[in-house]
Structures are given as structure tokens and as C-alpha cells.
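What the coordinates show
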Amino acid sequence: MQPEHRAGIACTLAGLFCLTCLSVVRLDPASEHPVRAQESSNAEHNEADDCVDCHEMEVDGFARSKMAQSMRLPAQQPQGTVQVPGTEIRMYSNREGAWQKLESQGWTETFRIAYVIGSGTHANGYIISLANHLYQSPVAYYKRRAAYGLAPGYERWPYPDFTRPIDNGCLFCHAGSFTPVSGTENEYATNPFADLAITCSRCHGPVDAHLRQPSASNIVNPARLSPDARDSVCEQCHLKGVARVLNPGKRFQDFAPGEPLESTFTIYRYAMPKGAEPPFKVISQSEQLALSRCKRASGNKLWCGTCHDPHNEPVDPVTYFRAKCLSCHASTHFAAVHPSKTSNCIGCHMPKKETTDGAHTVFTDHRIQLAKVDAPAVDPVGIVPWRVPPPALAQRNLGIASIEAGIDQKSQSQIVNGYRILTSVQPQFPEDSGVYEAMGNALLLGKQYSEAAMAFELAVRCAPRSSPDEASLGSAYAALGKDDLAEIHLERALDLDPLNLNAAEVLLGVYVGAGEQAKAEALTHRFTQLIPLN
């Protein structure tokens, strides 16, 4: 189920049974102080402490960088309110922590903020924790506006709430390390983060051997890698694309610096008509740089590390980056005809622009253009891999990516194309749950419920402890009207993950549709026991 379709489940449950089964906190009517809240978990370890003895300058410099602030505990957050038709969310802090109070459709709940995501340079996002499950707040704080607004992607939600799961792909780019519970979408260990923010190992690989016996041979230096492996270090977080497809049996956190990304997952981007440029997106710095004349002329020499040093956050960015530009252009005709040598190269050639997918934010355009050009919007002609994956996985990954991108863009043609690709290669992947899951999603959207159930049956057979797959299978049977089979698989999904909101919503609908009030009330009671109300 897509995130926008999951919105309102809390309201649905509350409206049916006059209970708010997804509550995390209730308020004392006489105060704004929460009576109870789930405590957030602190990171247990700071990896930089292991490196500082030998690399004090680099560690201190990195501590000032934006990456070192990619996730953190909330402390005091600005007060503010976001209002949309039918919903108001108010943010405040007190001695107990940071809170967000949601009032929607006649019910009120207050949630404690467990973590802040984002460096705060552009925006702050927020995460809550319910029974070890992480969910995104529907609001974000935007520094440029000095105000709160809806978080990206929530603009389409009719009643924005706290039910968007934080999955592994999201944490991969924001957390230093994390421990997910296998077979769930967004459940994590009680102490989910060994390191909250990005750490040394995300660029330099595992550090244990290097700590035992320091040597240049047992630590990764990205600058010394092959171009593909070198660029992969940055692209793991700075190139989102339109789809990211994991290789069979892989997790995002399996990526190890020193390898190309394609050993773990493939990133897909828009294929644009000749002469057209892709949309300017928040996480597309690598794609923008690849379009620049500087990058193309340099071959593989120019890369992120040419201009950016994670260990040295410049105090005077204008002077710092001008020196980087002049390291290549001082002896060219550009230097002679340009303005003063104290001019701001970045301000002219890499201006800040509004993004198409990040509300209320502007980001530096890494295209390095001769002059500011706002190209007209042009529809893509498809998707292509950023780099070619292993040949044996090329069609498999493209098929899954086409379905994912088609669902996100509401493109029936892309979904159909992805499904056709997967049907042609499916015999090569008889034990691949990812293939069957993607095929099932395509069939479910196409209302081919019987065929979707067959695909999800195969997915469950390949991944027998996957709560999301069991929920998808139950949803297909529910759409077919086979309530008995739907109940079996939806209950199984909830056994594997008691806070699978997708499974709970569909199962509740099955019970209500069948007039089984007692079962519906029992399901609601299960949630109140999982997250008890005071």
C-alpha cells in the first residue's frame, strides 16, 4: 500500500470504536504536560571517539559538517503550528522533551519526538517511536521560512497523520548505523542506533582492523578507489534517482565503501529526451554534476571530493570554493575575462534553486552552468540505470524499478512495462521474493486480484517470515472477497509484526464488512494493549 493510502488509519480505528488505538500519549486536560510517553533511545556509541587519537583534525572538522548532524536527539525545538483543512498540528517543547500535538476530525493526540532528521541547514524532519516502530511526522521545520510546514510528500494526504513508516532506505542515508527487525517494514531494536549520525565508516569502511593495526592498506580512502567505487561512496546518499532496487538477498546496509553500489543495489534515473534535463530534485547532486561541462571535460577526474572535504567545513565558503575553481581555471581564458578574483564563483555558476520535490527549500545546483538557465519542464521517456548492474540482474532490476517508478508517478505504461519484463525473466529467479512482490503489486493495482494472490503466494513461499508480504497476500484475498483466506494471512502478518498498520487496516475492513463486530473490537483491543492508553 502506498503511503498516502495509509493516511487516516488512526482516524478510521478511532471513528469505528471511539478509541484511538495508535495513541502514544494522553494529555492531562488541565495541562499541556504529557502524562506518559515512550522514551526515545540514545545512541550507545560514537565511532569518532575511536578515531580521534590519530586523526584529531579530521574528526574535529567532520564534527562541524552537515553529515555529522544527519540525525540527532531533539532537544528544544521551535514552537509553531501547521494548519490544513480538518487538521492542526502544534509543536512545542518543555522540560520533558519535544512534542507535536495533532487535532484531526474531532480527536486529539500528542506525540513525543524521538529523533530529528536532517542537518537543519535546510530543514528538520521528525521521527516518533511507537512500540519500537519508527514513523515520520507529517510536518517539518524549514529554516529559510523560519516556520513549520508539511513535510515533502504529505501535500496529497487528506488528513496528515503519524503513520508513514520510516523504512531502511530512509535510515540508510540519515543514520550512522541501525538495527532493523527482519521481516518488518519499520520495526527496529529497542536501541535502534549504535551511531545516530553518519560516521567515519560510511566513507572509509569497517574500522576494526585499522584500529587494531593502523595501516593505509586496511582502511578505505575514497580518493584512491576506481572511479565507480569512489563515486559510489558519495552516491549512496547523494543520488536518490527514481527507484533503488536491491539485489537478491541484499539490504541497503550491506553496501561497503570500496565496492560499486551495484554490488548491493541499482539506482535508476529518468531517461530524458535529447537536449532536456531531468527535474531538479533535493537528492540529485551526483546527477547534476554529471551534466556539467566541467565534469564531462575532466573524464573521471572531477568528482565530489575535488571540491568537498568532509573533514574541513569551510568558514568562508566563497573564498574556499573560488580557490577550488581557480585550481583548474586560473590558467585558462576564463580567469582573464571574468570579474574580480574575489568574486563568488558559486553564486553565478551554481546558484541555489527551488527543488521539485522539497517544499519550501532551495539547494545548490551542481550543474556548474555558464549562465543560469531554467530549462522548461519536459516529460521523461522512461528510466535507465545510473550505472549498469551485473548482467544477470539487469532485466530483473529494471523490471522492479519500472514498477516502483510507475507506482510513484502513477504511470500505468511503466507499471505494465515492468511487469512484462519480470514475466520474461521470472524463471531465472524462482526463489526471489522481490520479483514476485513487484509482480503482485503491479497486478493488485491493475485489479487482477486472482493473479496478484498467486504472485504474493510465491513471495510468501520465498520469504515465509515477511509481514509485508503476508499483508499484501491478505489484501489480494480481501479484494477477491475470500475473507477466510484474507483473515489467515492478515493475522499472520500481525503475528510477525504486531504494528503492521497496512495489515490492521485491511483486516479491520474485512471484519466490519462481514459484520463481525466482536473480532473488530478484539483487533482494536490488541492495539491498545500494544500501546496502552492511560
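Everything numeric here is computed off the predicted structure, so don't read it as measured data.

Time to look at the overall build of the protein. Counting its secondary structure elements, the protein contains 22 helices and 16 strands. When each of the 534 residues of the protein is scored for burial, the buried share is 48%. Taking as baseline every contact in the protein between residues at least 6 positions apart, the subset at least 24 positions apart corresponds to 57%. With the model as given, the accessible surface of the protein reaches about 25,400 Å², and the carbon-plus-sulfur share is 54%.

Quick look at the sheet that holds strand β4 (residues 97-104) now. With antiparallel pairing, the four strands of this open sheet are ordered in space as β2-β3-β4-β5. This sheet does not close on itself; its edge strands, each paired only once, are β2 (80-84) and β5 (107-112). The average angle at which neighbouring strand axes cross in this sheet is 15°, direction not considered. One ladder, built from six bridges, connects β4 with β5; its direction is antiparallel. Bridge pairing in β5 places L102 opposite E109.

In the structure shown here, the tally under the stated rule is ten aromatic pairs. Judged by centre distance (4.2 Å) and plane angle (20°), the ring pair of F111 and F162 falls under stacked. With a gap of 51 residues between them, F111 in strand β5 and F162 in the loop between β10 (147-150) and β11 (164-165) connect regions that are remote in the sequence. Taken individually, F111 and F162 each receive the classification buried, so the pair is uniform in this respect. Taking the centre distance of 5.0 Å and the plane angle of 85° together, the rings of Y115 and F193 count as edge-to-face. In this pair, Y115 sits in strand β6 (residues 115-117) while F193 sits in the loop between α5 (168-174) and α6 (201-204), placing the two residues 78 residues apart along the sequence. Aromatic ring contacts, followed pair by pair, group Y126, Y141 and Y148 into a single cluster. Geometry around F172 places R202 over its ring, the cationic atom sitting 4.6 Å from the centre.

Moving on to the side chain of Q288. With respect to the helices, strands and loops of the structure, Q288 is situated in helix α9 (residues 285-291). For Q288, a relative accessible area of 3% gives the class buried. Within the structure, the side chain of Q288 is placed 2.8 Å from the backbone nitrogen of H366, a separation counted as a polar contact. In contact with Q288, other than residues within four places in its own chain, are F280, K281, T364, D365, H366 and R367.

This paragraph deals with the sheet that holds strand β12 (residues 243-246). The strand order across the open sheet formed by three strands is β12-β13-β16, and the pairing between neighbours is antiparallel. The sheet is open, and its two edges are formed by β12 and β16 (382-385), each paired on a single side. The average undirected angle you get between the axes of adjacent strands in this sheet is 35°.

This part takes up the environment of P464. Mapped onto the elements, P464 comes out in the loop between α18 (449-462) and α19 (467-480). The exposure class of P464 is partly exposed, given its relative accessible area of 48%. Taking the C-alpha atoms as reference, P464 lies 10.0 Å from L496; in sequence the two are 32 residues apart. The contacts of P464, once residues within four sequence positions are left out, are E470, R492 and L496.

This next bit is on α19. The terminal C-alpha atoms of α19, which comprises 14 residues, lie 20 Å apart, in line with the 20 Å expected from a rise of 1.5 Å per residue. Among the 14 residues that make up α19, ten are buried, leaving the element largely enclosed by the rest of the structure. For α19, the full list of buried residues reads S467, D469, E470, A471, S472, L473, G474, S475, A476 and Y477. As for α19, its buried residues are in contact with α17 (433-445), α18, α20 (483-496) and α21 (501-513). Where α19 terminates, the next one or two residues include G481, which has phi positive at roughly 85°.

Take the pairing of β10 next. Remember that side chains alternate between the two faces of the sheet whenever the strand is regular. Pairing of strand β9 (residues 139-142) with β10 involves four bridges; the strand directions are antiparallel. Across the sheet, Y142 pairs through a bridge with A147, a residue of β10. Between β9 and β10, which pair antiparallel one after the other, the connecting turn spans four residues, and A146 there sits at a positive phi close to 50°.

With that settled, consider the pattern of salt bridges. On inspection of all chains with the given rule, the structure shows 16 salt bridges. Note that R396 and D432 form a salt bridge whose closest N and O atoms lie 2.9 Å from each other. Within this pair, whereas R396 is found in helix α15 (residues 394-409), its partner D432 is found in the loop between α16 (412-425) and α17, the two being separated by 36 residues in sequence. Classification of R396 by relative accessible area gives buried; the value is 4%. With a shortest N-O distance of 3.1 Å, K519 and E487 are connected by a salt bridge. Taken together, the residues span a long stretch of sequence, with K519 in helix α22 (residues 517-530) and E487 in helix α20 at a distance of 32 residues. Within this structure, E277, K353, D365 and R367 form a network of salt bridges that share partners.

Calculation criteria
Residues numbered from 1 in each chain as written. Predicted model: local features only at pLDDT ≥ 70, side-chain atom pairs only at ≥ 80, totals over all residues. Heavy atoms only, no water. Helix = DSSP H or I, 4+ residues; strand = E, 2+ residues; numbered from the N terminus. Buried < 20%, exposed > 50% of the residue type's maximum accessible area, 1.4 Å probe, protein only. Contact = heavy atoms within 4.5 Å. Areas by Shrake-Rupley, 256 points an atom, 1.4 Å probe, with all protein chains shown as cover. Pairing = 2+ DSSP bridges. Axes fitted to C-alpha atoms, helices over the stretch in contact; angles between N-to-C directions. Phe/Tyr/Trp six-rings, centres within 6.5 Å; stacked < 30°, edge-to-face > 60°. Lys NZ or Arg CZ within 6 Å of the ring centre and 35° of its normal. Polar contact = N/O pair within 3.5 Å; in protein donor to acceptor, adjacent residues only side chain to side chain. Expected span 1.5 Å × (residues − 1). Salt bridge = Lys/Arg side-chain N within 4 Å of Asp/Glu carboxyl O.

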